[in-house]
Amino acid sequence: MIQITGVSHRIGTAPILHDITAAMPAGRLTALIGPNGAGKSTLLRLIGRLEPCQAGRIEVDGLDVGRTPTERLALKLAILGQQTHIASRLRLRELVGFGRWPHHRGRPGPADQAAVEAALDAFGLAGIAGRFLDEVSGGQRQRAHIAMSFAQATDWLLLDEPLNNLDMAHARALMARLRGLVRDGGRSAVMVVHEINYAAAWADHIIAMKDGRIAAEGPPEAVLTEAVLSGLYDTPVSIGSHLGRPLVLHHA
Ligand SMILES: Nc1ncnc2c1ncn2[C@@H]1O[C@H](COP(=O)(O)OP(=O)(O)OP(=O)(O)O)[C@@H](O)[C@H]1O
């Protein structure tokens, strides 16, 4: 479980997160939703220690993120941030290979190579693995970054808007793969997602944020209601149902 207790955060003098307490269950796929600027990425970055936690406490499976040695944390969680400014003169296979660094520390073995090839294959990148990052499409680049996170083979996978740039088929494939990791692989995942119906269809648990606070938390049926969503996004929505899961309609 990821336990967040009393976490507040400022950027400069601007308060961004306000005394957040929330839990993300292990062995489940958690979706973080909410409007632009709600603080979703900031919270994810604090969990992944891309930023130091200024106030409060974050524990991942009992490990205090603030005190856990980097080598240990890198085997516990992988985080894919929203902005990926990695040198473009890097081949896709090399990028995915970075995911294995915490396991081999500079001396990759056959198991690392096999994990890289498996991740490339899983994301349909095997045929273009030798290309440079600036020689592939935005969606292919995004899939390569996700493959790097998968190759890290951690208990927890934290993904910030991983569906960006993905076409319908690849978005569905990613969600199915995440669910497979969680259901069959005993792993846990947290993703920031704007496409609310992906959360509706695939997430086990949803945390809705607004203005640096938790607005609602629970299973999809509890969070994806007209009352919660219209307040969250300040826009009218209606809720239907598809295959026994909520379907959020906001097109009219
Ligand atoms: N480097 C920064 N300097 C100043 N303010 C920042 C910085 N990064 C983020 N913020 C502010 O912090 C708040 C939360 O941003 P954050 O990126 O966590 O939101 P988000 O919910 O992930 O938004 P989005 O859905 O647009 O990605 C926003 O008001 C944003 O403007």
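Everything numeric in this text was worked out from a predicted model, so none of it was measured. (Residues numbered from 1 in each chain as written. Predicted model: local features only at pLDDT ≥ 70, side-chain atom pairs only at ≥ 80, totals over all residues.)

Asker: I'm lost on helix α1 (residues 40–47) in this one. Help?
Answerer: Structural remark: α-helix, 3.6 residues per turn; residues separated by three or four positions point the same way. Among the eight residues that make up α1, six are buried, leaving the element largely enclosed by the rest of the structure. Among the residues of α1, Lys 40, Thr 42, Leu 43, Leu 44, Leu 46 and Ile 47 are the ones counted as buried. Trailing α1 by a residue or two, Arg 49 shows a phi angle of about 60 degrees, which is positive. (Buried ≥ 20, exposed ≤ 12 C-beta atoms within 10 Å, placed from the backbone. Helix = DSSP H or I, 4+ residues; strand = E, 2+ residues; numbered from the N terminus.)

Asker: Would you mind going over the site of the ligand with me for this structure?
Answerer: Taken together, Ile 11, Ala 14, Ile 16, Gly 34, Asn 36, Gly 37, Ala 38, Gly 39, Lys 40, Ser 41 and Thr 42 form the complete shell of residues around the ligand. Elements supplying a minimum of two residues to the shell around the ligand: β2 (14–24) and α1. Take the shell around the ligand: its biggest share by element is three residues, from α1. Broken down by class, the residue content of the shell around the ligand amounts to four nonpolar, six polar and one charged. (Near = placed C-beta within 6 Å. Nonpolar A, V, L, I, M, F, W, Y, C, P; charged D, E, K, R; others polar.)

Asker: Whenever I open this one, the packing of helix α5 (residues 110–122) against helix α6 (residues 138–151) confuses me. Can you help?
Answerer: In a packed pair of helices, the relevant descriptors are the angle between the two axes and the axis-to-axis distance. At a closest axis distance of 9 Å, the pairing of α5 and α6 adopts a crossing angle of 140 degrees. The pairing of α5 with α6 is recorded here as oblique in orientation. Every pair of crossing elements has a handedness; the one defined by α5 and α6 is right-handed. Along the contact surface, α5 presents Ala 115, Val 116, Ala 119, Leu 120 and Ala 122, while α6 presents Ala 147, Phe 150 and Ala 151. Residue classes in the contact of α5 with α6 are distributed as eight nonpolar, no polar and no charged. (Axes fitted to C-alpha atoms, helices over the stretch in contact; angles between N-to-C directions. Parallel < 35°, antiparallel > 145°, perpendicular 65-115°, else oblique. Left-handed = near helix turned anticlockwise from the far one by under 90°. Contact = placed C-beta atoms within 7 Å.)

By themselves, these figures tell us nothing about what the structure is for.
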